[in-house]
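Residues per chain are reported as follows:
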Amino acid sequence: MKTVDKAMRLLRQFTLEQPEIGLSELARMTGEDKAVTRRLLVALMENGFIEQNPETRKYFLGSGFLSLARLREASVPMVRATQIVARWLSGVSDETVHVNVPGRTSMTTVAYHLPPRGNVINLKPAERYPYHAASSGLAYLARTTPERQAEILALPRERLTPATVIDEPTLRDLVAQARAQGYAVSRNTVEQGVAGVAMAFFLESATDPAGTISITVPEAGLTPDRETELVALLRRAVRNLETALTGRSRSSVL
């Protein structure tokens, strides 16, 4: 594994649940020996991407990411636009909404909004959703190029719940269905009792989607009529987001 790959794998161990991690634990989590892990940490610390708590001696993500995040937001202001659309869509649907962007192995939440009521599906910032399990991943797979689709389908697939689809033929059928109807639906595949409806959005003339917008609801509440209502709102949200990001909407939702 290349040094950069090792460093990225190390950085991905930090989460909201575990923001500080010790050397020995990082070595165990990444499968590297302590000497290699220490060298990676030192290099990342020198560049401001890792810092060390002087009291616990544990490591946490450094301020170097903040400058990159600001630069990214200044050049491609996606986060602000997605937050605005997520807030609007959550308001008109009265459901949990999250906007996701593709990574190598999963979709990552970049914006979300919860409705002001009880019995809603909660989310965590920067949550990751496997392509094969969540409606967001299926919606992305349905609109991406055959080459990118093949890359994703070649990834290992974990069964998160008894309803998670992991065999490729069935997964391909779900992707084909999502492409034909223009949106994806998942039920109990990431978490029991949770359903999702998702649709892809694009930037300019890109061949692959820039991400997906998802509405997550209690599974029992996703009736056929409710699904139709949410899909109509998703189409409006996609148009709004594409217009906010590029000045116009491709509106090529099938």
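Each chain has its residues counted from 1, running along the sequence as written. Per-residue local features are limited, in this predicted model, to residues with pLDDT of at least 70; the limit for side-chain atom pairs, both in listing and counting, is 80 or more; totals at the level of whole chains, interfaces and linings are taken over all residues. Water and hydrogen atoms play no part in the side-chain values, which are based on all heavy atoms of the structure.

Describing the overall build of the protein
Numbered from the N terminus, helices here are DSSP runs of H or I no shorter than four residues, and strands are runs of E no shorter than two. Of the regular secondary structure elements, the protein holds 9 helices and 8 strands. Our radius of gyration looks at C-alpha atoms and nothing else; its globule reference is 2.2 Å times the residue count to the power 0.38. A globule of 254 residues ought to have a C-alpha radius of gyration of about 18 Å, and the protein, at 19 Å, matches this closely. C-alpha atoms of the protein, sized along the principal axes, occupy 55 × 40 × 40 Å. The buried label applies to any residue whose accessible area, calculated with a 1.4 Å probe on protein chains only, is under 20% of its type's maximum; exposed applies above 50%, and partly exposed to all values in between. Counting the 254 residues in the protein, one finds 42% classified as buried. Contacts are residue-level and defined by heavy atoms, with any inter-residue pair within 4.5 Å sufficient. For the protein, the proportion of contacts with a sequence separation of at least 24, taken over those separated by at least 6, is 57%. Throughout, the Shrake-Rupley method with a 1.4 Å probe supplies accessible areas, and for residues the shown protein chains are the sole cover considered. By element, 53% of the accessible surface of the protein is carried by carbon and sulfur atoms, the whole surface being about 13200 Å². Looking at the protein, you have 31 positive and 27 negative side-chain charges, and the mean spots of the two groups are 3 Å apart. Only four residue types enter the tally: Lys and Arg on the positive side, Asp and Glu on the negative side; His and the chain ends are excluded. Lys charges are placed at NZ, Arg charges at CZ, Asp charges at CG and Glu charges at CD.

Some details on the environment of Gln83
In this fold, Gln83 is placed in helix α5 (residues 78-93). Residue class for Gln83 comes out partly exposed when judged on its relative accessible area of 38%. Residues Gln83 and Val97, spaced 14 residues apart in sequence, show a C-alpha to C-alpha distance of 9.8 Å.

Some thoughts on the pairing of strand β4 (residues 106-113)
When DSSP finds two or more bridges between two strands, those strands count as paired. Summarising the sheet, strand β3 (residues 96-102) and β4 pair through 6 bridges and their orientation is antiparallel. When the sheet's bridge partners are listed, Pro102 is paired in β4 with Met107. In textbook terms, the turn of a hairpin is the stretch between consecutive antiparallel strands, and for β3 and β4 this stretch comprises 3 residues. Summarising the sheet, β4 and strand β5 (residues 128-130) pair through 3 bridges and their orientation is antiparallel. Bridging from a neighbouring strand, Met107 pairs with Tyr129 of β5.

Quick look at the environment of Ile215
Summarising the element assignment, Ile215 is placed in strand β8 (residues 211-218). Exposure remark for Ile215: the relative accessible area of 0% places this residue in the buried category. When the C-alpha positions of Ile215 and Leu68 are compared, they lie 29 Å apart, and in sequence the two are 147 residues distant. Once residues lying within four places of it in the same chain are set aside, the contact partners of Ile215 are Leu89, Ser93, Glu95, Thr96, Val97, Ala195, Gly196, Val197, Leu230 and Leu234.

Observations concerning the packing of aromatic side chains
For Phe, Tyr and Trp, where Trp contributes only its six-membered ring, two rings pair if their centres lie within 6.5 Å, and the inter-plane angle classes them as stacked under 30 degrees, edge-to-face over 60, or tilted in between. Applying the stated criterion to the full structure yields 2 aromatic pairs. Geometrically, the ring pair formed by Tyr131 and Tyr140 is tilted, given 5.6 Å between the ring centres and 40° between the ring planes.

Some points on a nonpolar patch on the surface
The patch calculation keeps residues exceeding 30% relative accessible area without a salt bridge and links them within 9 Å when they carry like charges or within 5 Å when they are nonpolar (Val, Leu, Ile, Met, Phe, Trp, Tyr). Salt bridge criterion: a side-chain nitrogen from Lys or Arg within 4 Å of a carboxyl oxygen from Asp or Glu. The grouping of Leu61, Phe65 and Leu68 at the surface amounts to a nonpolar patch, some 240 Å² of accessible area in total. Here Leu61 lies in strand β2 (residues 59-61). The class for Leu61 is partly exposed, based on a relative accessible area of 38%.

What about the pattern of salt bridges?
This model, assessed by the stated rule, comprises 6 salt bridges. Two residues, Arg148 and Glu151, come together in a salt bridge whose shortest N-O distance is 3.3 Å. Residue Arg148 and its partner Glu151 are both found in helix α7 (residues 146-153); the two are separated by 3 residues, about one turn of the helix. On the basis of relative accessible area, Arg148 is assigned to the buried category, the value being 15%. Salt bridges linked by common partners bring Glu95, Arg226 and Glu229 together as one network.

Topic: the packing of helix α6 (residues 135-143) against helix α8 (residues 168-181)
For helices, the fitted axis covers only the stretch in contact; all axes are lines through C-alpha atoms, and the angles between them, taken along N-to-C directions, range from 0 to 180 degrees. It is the contact of α6 with α8, at a shortest axis distance of 8 Å, that shows an interaxial angle of 75°. The angle between the axes of α6 and α8 places the two elements in the roughly perpendicular class. Taking contact as the criterion, the partners of Leu138, Leu141, Ala142 and Arg143 in α6 are, on α8, Leu171, Val175, Ala178 and Arg179. Throughout, the ten residues Ala, Val, Leu, Ile, Met, Phe, Trp, Tyr, Cys and Pro are labelled nonpolar, Asp, Glu, Lys and Arg are labelled charged, and all others, Gly among them, are labelled polar. Looking at the contact of α6 with α8, its residues break down into 6 nonpolar, no polar and 2 charged. Oblique is the label for every angle not falling under 35 degrees (roughly parallel), over 145 degrees (roughly antiparallel), or within 65 to 115 degrees (roughly perpendicular).

Quick look at the sheet that holds β4
The 6 strands are arranged β5-β4-β3-β8-β7-β6 in an open sheet whose pairing can be described as antiparallel. This sheet does not close on itself; its edge strands, each paired only once, are β5 and β6 (184-187). Strand after strand, the sheet turns through a mean of 30° between neighbouring axes, direction not considered. The pairing of β6 with strand β7 (residues 194-201) spans 4 bridges and is classified as antiparallel. Paired with Arg187 across the bridge in β7 is Ala195. Running over the sheet, α5 touches β3, β4, β7 and β8 and is turned about 65° from β4.

None of this, on its own, says anything about what the molecule does.
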